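Single-letter residue listing:
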Amino acid sequence: MSAGITLFTGSGRLAVAQPHVAAMPGTLSPWALLVGDGRILWVGEPGELPSEPDADEVLDLGSALVTPGLVDAHTHPLYAGDRSDEAAARLAGQPYTGGGILRTVAATRAASDEELVDLARHRLMAEVAAGTTAVECKSGYGLSTDEEIRSLRLIARAADGLPLRVTRTFLGAHAVPGEAASASDYAHTVAKQMIPAIAADGLAEFCDVFCDEGFFTLQDAEMVLSAARGAGLRVRMHAEQLFRTGATELAIRFGAVSVDHLEQLDEAGVAALAASNTVATLLPAPALVMRGHVPPARGLLDSGVTVALASDANAGTFGGWGQMPLVIGLGAALLGMTIDEALTAATVGGAASLGLSMERGRLAPGLAADLVAWDAEHEGAFALRLGSVRARRVWVAGREVQIET
Ligand SMILES: [Zn+2]
């Protein structure tokens with residue numbers, strides 16, 4: 001038997017989160033799980049353990065609820081500055097125009113590399129400490145070729161050595177910078193200048209566009225997505241947040257892995273997603289703070305769309321880092337999902353949203369051994385204790401992460 005095999009066991013509930021494999025229940029109790037080389041070798045009932053696993057280490061997690069590491073498929077971690085005043089003004093009645101993004105852009109451009117790396121690193125560590133083991137990180141507070149490239153490089157520096165899987169997304173088309181002649185002029189720069197440079201240096205896996213009224217039109221988004229696909233980037237989109245624009249159908253046409261937000265999505269949009277392979281990534285935390293519409297989670301799930309839940313932690317509309325346990329609770333309490341659906345959306349769904357389904361999000365042989373033992377015994381705690389369920393122990397690729405508790 002090879003060295004370095006760990007046997008995890010528990011008398012509590014193990015959420016294997018594998019809804020598409022009929023032979024395996026969604027939850028096991030009691031359970032056993034074998035890990036070697038950072039990957040899951042076997043998972044099942046203790047009585048069915050393969051003979052003589054000969055584990056080097058046995059970890060009994062007792063009655064704790066254990067889940068796959070959470071996947072946060074939508075965040076904006078690289079920024080400086082503070083817009084709490086803007087949140088207060090908005091909640092006092094000022095409309096959201098997104099203009100505040102440019103305040104963050106100014107603060108981010110003015111900040112040093114070291115300051116930005118330090119800020120992003122703390123945000124990512126908060127994610128890990130709260131049980132998130134894979135996270136998507138967008139640029140988009142630079143809005144010039146040099147600043148967007150700097151943002152993507154600094155995200156990599158911030159993530160370097162941290163125990164989590166980071167997916168980088170280029171979001172040059174996040175807002176129109178003050179110096180641009182027009183939105184379409186700037187979109188042209190994104191498509192013709194930024195995307196070729198970023199793809200050539202391998203600085204991002206995805207390209208994203210904020211396609212909405214007051215931001216980028218369908219035509220602008222089409223130009224950007226077309227360039228991204230041509231350069232070999234995968235695509236995703238901020239869609240239907242403020243208005244129903246048809247961004248969803250455009251994204252599907254470009255083979256988007258995910259469309260995100262969808263607060264304004266209608267039945268035709270749900271049907272279009274149901275007929276596609278595109279994931280719907282829903283962001284209940286900013287929807288709650290913005291006091292606006294919530295996305296049609298029930299309709300999407302009932303139509304068979306793969307749904308992900310993510311935090312959308314960012315500089316302006318929701319600034320909570322390490323809040324995926326809250327997001328699961330909001331998926332249930334605010335969006336009408338069951339807890340099983342919400343937990344699945346924050347694990348299996350998040351992995352699908354990032355194209356990582358064969359790597360993360362489930363507890364199955366061959367996948368990364370990313371595990372979280374919670375200070376809870378049942379997944380219902382995510383709703384009952386809204387926002388206060390804590391990760392007690394976290395393992396990434398089979399190695400325990402030292403988290404501050
Ligand atoms: Zn966002």
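Reading the values: the criteria
Residues numbered from 1 in each chain as written. Predicted model: local features only at pLDDT ≥ 70, side-chain atom pairs only at ≥ 80, totals over all residues. Heavy atoms only, no water. Helix = DSSP H or I, 4+ residues; strand = E, 2+ residues; numbered from the N terminus. Rg over C-alpha atoms; globule rule 2.2 N^0.38 Å. Buried < 20%, exposed > 50% of the residue type's maximum accessible area, 1.4 Å probe, protein only. Contact = heavy atoms within 4.5 Å. Donors = N, O, S within 2.8 Å, 3.2 Å for Na, K, Ca; no water. Tetrahedral: all angles 85-135°; square planar, octahedral: opposite > 155°, others 65-115°. Axes fitted to C-alpha atoms, helices over the stretch in contact; angles between N-to-C directions. Parallel < 35°, antiparallel > 145°, perpendicular 65-115°, else oblique. Left-handed = near helix turned anticlockwise from the far one by under 90°. Arc of directions from axis to C-beta. Pairing = 2+ DSSP bridges. Core = buried A, V, L, I, M, F, W, Y, C linked by side-chain atoms within 4.5 Å.

**Student:** Would you explain the overall build of the chain in this entry?
**Tutor:** Counting its regular elements, the chain contains 13 helices and 18 strands. Expected size for 405 residues packed as a compact globule is a radius of gyration near 22 Å; at 21 Å, the chain falls within 12% of this value. Referenced to the eigenvectors of the C-alpha coordinate spread, the extents of the chain come out at roughly 70 × 45 × 40 Å. Put simply, the chain has 405 residues, and 57% of those count as buried. Long-range pairs, those at least 24 residues apart, make up 70% of the contacts in the chain with a sequence separation of at least 6.

**Student:** What's the story with the coordination of the zinc ion in this structure? I'm lost.
**Tutor:** In a perfect tetrahedron of four donors around a metal, the angles come out at 109.5 degrees. In a perfect octahedron of six, they are 90 or 180 degrees. Coordination of the zinc ion by the protein comes from His74 (NE2), His76 (NE2), His238 (NE2) and Asp312 (OD), over a distance range of 2.1 to 2.5 Å. Every donor counted, the four donor atoms about the zinc ion form angles of 80 to 165° at the centre, which fits irregular coordination. Each donor residue of the zinc ion belongs to the same chain, with the gaps between them written as H-x1-H-x161-H-x73-D. Of the two residues, His76 is situated in the loop between strand 8 (70–72) and helix 1 (84–91) and His238 in strand 12 (residues 234–239); the sequence distance between them amounts to 162 residues. Residue His238 is classed as buried on the basis of its relative accessible area, which comes to 3%.

**Student:** What is the right way to look at the packing of helix 11 (residues 324–333) against helix 12 (residues 339–353) in this model?
**Tutor:** A pair of packed helices is characterised by two quantities: the angle between their axes and the separation of those axes. As a packed pair, helix 11 and helix 12 sit with axes 8 Å apart at the nearest point and diverge in direction by 140°. Put simply, helix 11 runs oblique to helix 12. Every pair of crossing elements has a handedness; the one defined by helix 11 and helix 12 is right-handed. Where helix 11 approaches helix 12, its residues Met324, Ile328, Gly331 and Ala332 are matched on the opposing element by Ile339, Ala342, Leu343 and Ala346.

**Student:** Can you help me understand helix 2 (residues 101–110) in this one?
**Tutor:** For helix 2, the full list of buried residues reads Ile101, Thr104, Val105 and Thr108. In a view along the axis of helix 2, the buried residues occupy a sector of 105°, so they form one face of it. Against helix 3 (113–129), helix 4 (145–159) and strand 11 (206–211) lie the buried residues of helix 2.

**Student:** For this particular structure, what's the right way to read the pairing of strand 10 (residues 165–173)?
**Tutor:** Within a regular strand, the side chains alternate between the two sheet faces. Of all nine residues that make up strand 10, nine are buried, and the element is covered over most of its length. Two strands pair when backbone bridges link them, and strand 9 (residues 132–138) and strand 10 are joined in this way by five bridges, in the parallel orientation. For Ala134, the partnering residue across the bridge sits in strand 10 and is Arg165. Bridge count for strand 10 against strand 11 is three bridges, and the pairing is parallel.

**Student:** Explain the nonpolar core here, please?
**Tutor:** Soluble globular proteins tend to pack their nonpolar side chains together in the buried interior. Phe170, Ile195, Met237, Leu262, Leu282, Leu300 and Trp374 are the most contacted members of the largest nonpolar core, which totals 96 residues. The dominant element in this core, judged by the number of residues it contributes, is helix 5 (residues 183–200), at seven residues. The residues touching Ile195, leaving out its near neighbours within four places in the chain, are Phe170, Val190, Cys207, Val224, Ala227, Ala228, Ala231 and Leu233. Listed in part, the 18 residues of the second largest apolar core include Ile40, Val43, Leu59 and Trp395.

**Student:** How should I be thinking about the sheet that holds strand 6 (residues 57–60) in this particular structure?
**Tutor:** By definition, the strands of a sheet pair up through backbone hydrogen bonds, in either a parallel or an antiparallel sense. Taken in spatial order, the four strands of this open sheet run 5-4-1-6, and their pairing is mixed. The sheet terminates laterally at strand 5 (39–44) and strand 6, the two strands that pair on one side only. Recorded for the sheet is a direction-independent mean angle of 20° between the axes of neighbouring strands. As paired strands, strand 4 (residues 31–36) and strand 5 are joined by five bridges and run antiparallel to one another. Looking at strand 5, one finds that Leu34 is bridged to Trp42.

**Student:** Got a minute to help me understand the sheet that holds strand 12 in this structure?
**Tutor:** Taken in spatial order, the eight strands make up an open sheet running 8-9-10-11-12-13-14-15, and their pairing is parallel. Strand pairing shows two members of the sheet lacking a second neighbour, strand 8 and strand 15 (307–309), which therefore form its edges. Neighbour-to-neighbour, the strand axes of this sheet turn through a mean angle of 25°, independent of strand direction. Pairing of strand 8 with strand 9, which is carried by three bridges, proceeds in the parallel orientation. Bridging from a neighbouring strand, Val71 pairs with Ala134 of strand 9. In this fold helix 5 packs onto strand 10 and strand 11, with an angle of close to 145° to the strand it touches most, strand 10. Taken strand by strand, helix 12 contacts strand 8, strand 11, strand 12, strand 13 (258–261), strand 14 (279–282) and strand 15, and its axis lies near 105° from that of strand 15.

**Student:** Looking at this structure, how should I read the environment of Val294?
**Tutor:** Positionally, Val294 belongs in the loop between helix 9 (284–289) and helix 10 (297–302). Residue class for Val294 comes out partly exposed when judged on its relative accessible area of 35%. Setting aside chain neighbours within four positions, we find Val294 in contact with Glu263, Ala287, Leu334 and Leu335.

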